[in-house]
Amino acid sequence: MPFFVVDDGAHSHRKVMAAKNAAMGLWVRVGSWVTQQLTDGHVPGDIAKMYGTTPQITQLVAAGLWHKSGHDCPRCPQLPPGDYFMHDYRESGNPSRAEVLERRKRAAEKKRKHRAGEQQRSGTQGGTRAGQQAFDDEPPSDPEQPEDNAPPPAPAPRRAPGPAPSVIPADWEPSHDDVQAVQIARHDAGRAPLNVDQLDAVTRKFVRRMRDDGRTAAAWGGRWRQWAENERTEQQATPGGVVVHLPTGRGAGAQPQSTADQRAAAAFDLANKLRAEGNQRWTVETPPSCSATARHSTTAPSARSTPAGGLQPCTTSPSTTTPAPLWPATTARRPRGPASACGSSRTT
């Protein structure tokens, strides 16, 4: 298939600049038609008017890109009236009709020889399959392409199916490789390794969770590894911390208490201790002859008021000691005044 040649310097040629863009569009479009039809530059008048306008044709003729009938160019042939000719069509590098036909003839002969060789190698008559018509433009057949009667290729072998997914057994246990992989992964992550009891506890929790959720899988080792790698062990005391052993009041064989139980036990022990100290502090000696008026008097200790307003020493011997509880069971409140004159003492 030939091509219409446009020089790379045509954009700045003086004739192109004089013809303007619209007329140059007509020149390129008609040049493609001339190359396809192998007219060697001859442009029929009806084709020129079909693709362009009269002003565009006039501009191409005035610029010297086209010639009309009766032109004076010695290199271009004369034309019938109403037709045009593309100036220097052959000199611009466009192939002539004879060259294109000769090229097609050589290509057809080359294909014929190629098919003849294919016929000898394949042993088929005519070089084509039944029902197929040979054309000059047909691509050569591939000798390695299988014929219609060739056996179909063997199907690719299928992989053996793996085990079907199932629920995890109640007595499932991880393999030695699973345990070793978990210990290595925990060591790389900076976590403490799991001992035998912890591995058993992790496995029981894993199996119970998988069975409760109804999970199914063909193998459980990978899921157990992920579960065990993230298992949290009992946290140890941080460096620099102080461990305080609080009294619990339980025997030596009692189970360890939680933090909340230890705090509650410490609070009860502290309350009992404060209650005992309070009972000792509120112990008073009350003389039997001292009345309530004397005990609530504002006079100094070991003195008694007289009708005349004087003071008399208290000669009453003290009686037995009466303890006063820290939190009385009755609603009566203790006196908040100063010490009584009968020698009773009170801490304010």
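Computed from a predicted structure; not experimentally measured.

Conventions used here
Residues numbered from 1 in each chain as written. Predicted model: local features only at pLDDT ≥ 70, side-chain atom pairs only at ≥ 80, totals over all residues. Heavy atoms only, no water. Helix = DSSP H or I, 4+ residues; strand = E, 2+ residues; numbered from the N terminus. Buried < 20%, exposed > 50% of the residue type's maximum accessible area, 1.4 Å probe, protein only. Contact = heavy atoms within 4.5 Å. Areas by Shrake-Rupley, 256 points an atom, 1.4 Å probe, with all protein chains shown as cover. Core = buried A, V, L, I, M, F, W, Y, C linked by side-chain atoms within 4.5 Å. Expected span 1.5 Å × (residues − 1). Arc of directions from axis to C-beta. Axes fitted to C-alpha atoms, helices over the stretch in contact; angles between N-to-C directions. Parallel < 35°, antiparallel > 145°, perpendicular 65-115°, else oblique. Left-handed = near helix turned anticlockwise from the far one by under 90°. Nonpolar A, V, L, I, M, F, W, Y, C, P; charged D, E, K, R; others polar. Phe/Tyr/Trp six-rings, centres within 6.5 Å; stacked < 30°, edge-to-face > 60°. Pairing = 2+ DSSP bridges. Salt bridge = Lys/Arg side-chain N within 4 Å of Asp/Glu carboxyl O.

S.K.: Please set out the overall build of the protein chain residue by residue, giving values where relevant.
M.R.: Counting secondary structure elements, the protein chain contains nine helices and nine strands. Per-residue burial for the protein chain yields a buried fraction of 24% across its 348 residues. Counting only contacts in the protein chain whose residues sit at least 6 apart along the sequence, the fraction spanning at least 24 positions is 61%. If you sum the accessible surface of the protein chain, you get close to 25600 Å²; carbon and sulfur atoms cover 53% of it.

S.K.: I'd like a description of the nonpolar core, backed by residues and values.
M.R.: Counting 22 residues, the largest nonpolar core has Ala-19, Trp-27, Val-34, Val-43, Leu-60, Trp-66 and Met-86 as the members making the most contacts within it. Among the elements that line this core, the one with the most residues is helix α1 (residues 14-37), at nine residues. Aside from chain neighbours lying at most four places away, what touches Val-34 is Thr-39, Asp-40, Gly-41, His-42, Val-43, Met-86 and Tyr-89. By size, the runner-up hydrophobic cluster in this structure holds 13 residues, among which are Leu-199, Phe-206, Met-210 and Ala-217.

S.K.: So what's going on with helix α5 (residues 176-188)? Which residues, and what values?
M.R.: Under the 1.5 Å per step criterion, the end-to-end length of α5 is 19 Å for 13 residues, consistent within 8% with the ideal 18 Å. Within α5 the residues assigned to the buried category are Asp-178, Val-182 and Arg-186. Looking straight down α5, one finds that the buried residues subtend no more than 65 degrees of arc, so they occupy a single side. Among the exposed residues of α5, those oriented more than 90 degrees off its buried face are His-176, Asp-177, His-187 and Asp-188. Lining the buried residues of α5 we find α7 (221-229). Backbone geometry just downstream of α5 places Gly-190 in the positive-phi region, at approximately 80 degrees.

S.K.: Describe the packing of α1 against helix α3 (residues 54-63), and please don't skip the residues or the numbers.
M.R.: α3 packs onto α1 with a crossing angle of 140 degrees between their chain directions and a minimal axis gap of 9 Å. The angle between α1 and α3 places the two elements in the oblique class. Once α1 is placed against α3, the crossing between them reads as left-handed. When α1 is examined against α3, the residues Lys-15, Ala-18, Ala-19, Lys-20, Ala-22, Ala-23, Leu-26 and Trp-27 are found in contact with a partner set consisting of Gln-56, Ile-57, Gln-59, Leu-60 and Ala-63. In terms of residue class, the contact of α1 with α3 is built from nine nonpolar, two polar and two charged.

S.K.: Before we move on, could you go through the packing of aromatic side chains and cite the residues and values that matter?
M.R.: Tallied over the entire structure, the rule returns five aromatic pairs. Here the aromatic rings of Trp-66 and Tyr-84 are separated by 5.7 Å at their centres, their planes lie at 35 degrees, and the arrangement is tilted. Separated by 18 residues along the polypeptide, Trp-66 in strand β2 (residues 66-68) and Tyr-84 in strand β3 (residues 84-86) bring together distant segments of the chain. On the basis of relative accessible area, Trp-66 is assigned to the buried category, the value being 0%. Under the relative-accessibility criterion, Tyr-84 is labelled buried at 15%. When the ring of Trp-172 is compared with that of Phe-206, the centres are 5.8 Å apart and the planes differ by 50 degrees; the resulting orientation is tilted. Linking Trp-172 in the loop between β4 (166-167) and α5 with Phe-206 in helix α6 (residues 196-213), this pair joins segments that are 34 residues apart in sequence.

S.K.: Please give an account of the sheet that holds strand β1 (residues 42-43) that cites residues and values.
M.R.: Strand pairing in a sheet relies on backbone hydrogen bonds, with the paired strands running either antiparallel or parallel. Pairing is antiparallel across the open sheet formed by three strands, whose spatial order is β1-β3-β2. Looking along the sheet, the strands with just one partner apiece sit at the ends: β1 and β2. With two bridges connecting them, β1 and β3 associate as antiparallel partners. Residue Val-43 lies in a different strand from β3, and its bridge partner there is Tyr-84. Docked against the sheet, α3 engages β2 and β3, running at close to 100 degrees with respect to β2.

S.K.: So what about unusual backbone geometry? Which residues, and what values?
M.R.: Its identity as a non-glycine residue notwithstanding, Leu-38 has a phi of 55 degrees, on the positive side. The topology assignment puts Leu-38 in the loop between α1 and β1. You can call Leu-38 buried: its relative accessible area is 11%. Phi angles above zero are rare outside glycine, and Asp-40 is one such case at about 60 degrees. According to the relative accessible area criterion, Asp-40 is partly exposed, its value standing at 29%.

S.K.: Lay out the pattern of salt bridges in plain terms, naming residues and giving numbers.
M.R.: The tally for this structure, following the rule as stated, stands at seven salt bridges. Across the salt bridge formed by Arg-90 and Glu-99, the nearest N and O atoms sit 3.3 Å from each other. Overall, Arg-90 belongs to the partly exposed group, its relative accessible area being 36%. The closest approach of N and O atoms between Asp-213 and Arg-209, which form a salt bridge, is 2.9 Å. Placement of both Asp-213 and Arg-209 in helix α6 is noted, with a separation of four residues, approximately one turn of the helix. The class for Asp-213 is partly exposed, based on a relative accessible area of 37%.

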